[in-house]
Amino acid sequence: SQQGEEDPQALSIQEGENATMNCSYKTSINNLQWYRQNSGRGLVHLILIRSNEREKHSGRLRVTLDTSKKSSSLLITASRAADTASYFCATVGYTGANSKLTFGKGITLSVRP
Amino acid sequence: DAGITQSPRHKVTETGTPVTLRCHQTENHRYMYWYRQDPGHGLRLIHYSYGVKDTDKGEVSDGYSVSRSKTEDFLLTLESATSSQTSVYFCAIRAIFVGPQHFGDGTRLSIL
């Protein structure tokens, strides 16, 4: 069963606008990760945020984590047409040495030129 | 990009036939994973490996088996393919157990 649930399921914005995507989860986590998937390709890791971190930046990406609300958000600033892709959040729980990633169903982002 | 190669990239086969998908890595990572991706379900873990000859089941392991005889190769076998196993299959590798995963470009498998 999916741990992360992304919201919205689909998002369409104009180039230059900011895109905000949300993820909620149900159980305690070690860390939360965001991935991007372009059509016909594998997932690409974007950013990892640990449970003791509240915010992290990478280029035009900003991720926040609120463990009290069990939620995370991914902000892409100044979006570009090349950001068009599906975005997934994935959680890593405290399940011992062989902890696994549990993915949400993804958000489809369309950035219009 | 992480060195992960999946083969074949596309395959069409018939119900009841055995199918083996291969994942090859050049990163010497300990952990390897097989997922399937279906519309409306996201990515679901089939099997994973935490070392040579060490494997375990994921959430959708029925009808699948895996083998890992050397660090670089992780094989996924459908013993007797069914139409419900039509999907896109992704292999992923990970260096440390709570770190990010790196994915191959997938195998699109159609079972008629």
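Residues numbered from 1 in each chain as written. Chains lettered and ligands numbered in written order. Predicted model: local features only at pLDDT ≥ 70, side-chain atom pairs only at ≥ 80, totals over all residues. Heavy atoms only, no water.

Asker: Account for the sheet that holds strand β1 (residues 4–7) of chain B, with residues named and values stated.
Answerer: Residue and element names in this part refer to chain B. Read across the sheet, four strands follow the order β1-β3-β8-β7 without closing on themselves; strand pairing throughout is antiparallel. Edge positions in the sheet fall to β1 and β7 (64–70), since each has one partner strand and no second. Across the sheet, the axes of successive neighbouring strands diverge by a mean angle of 15 degrees, strand direction being ignored. Pairing of β7 with strand β8 (residues 73–78), which is carried by five bridges, proceeds in the antiparallel orientation. When the bridges of β8 are listed, Ser67 appears paired with Leu75. (Pairing = 2+ DSSP bridges. Helix = DSSP H or I, 4+ residues; strand = E, 2+ residues; numbered from the N terminus. Axes fitted to C-alpha atoms, helices over the stretch in contact; angles between N-to-C directions.)

Asker: Provide a residue-level description of the sheet that holds strand β8 (residues 71–76) of chain A, including the pertinent values.
Answerer: The strands that make up a sheet are held in pairs by hydrogen bonds between backbone atoms, and each pair lies either parallel or antiparallel. All names here are of chain A. A sheet is described by the order of its strands in space; here five strands give the open sequence β1-β3-β8-β7-β6, paired in antiparallel fashion. Because the sheet does not close on itself, it has two edges, and the strands there are β1 (5–7) and β6 (55–58). The sheet shows a mean angle of 20 degrees between the axes of neighbouring strands, direction not considered. Judged from the four bridges that link them, β6 and strand β7 (residues 61–66) form a sheet pairing that is antiparallel. Within the sheet, the bridge partner assigned to Glu55 lies in β7 and is Thr64.

Asker: Can you lay out the nonpolar core for me, pointing to particular residues and giving the numbers?
Answerer: Ranked by internal contacts, the top residues of the largest apolar core, which has 23 residues, are A:Met21, A:Leu32, A:Trp34, A:Leu74, A:Ile76, A:Tyr87 and A:Leu109. Grouped together as the second largest cluster of nonpolar side chains are 19 residues, B:Cys23, B:Trp34, B:Tyr64 and B:Ile111 included. (Core = buried A, V, L, I, M, F, W, Y, C linked by side-chain atoms within 4.5 Å. Buried < 20%, exposed > 50% of the residue type's maximum accessible area, 1.4 Å probe, protein only.)

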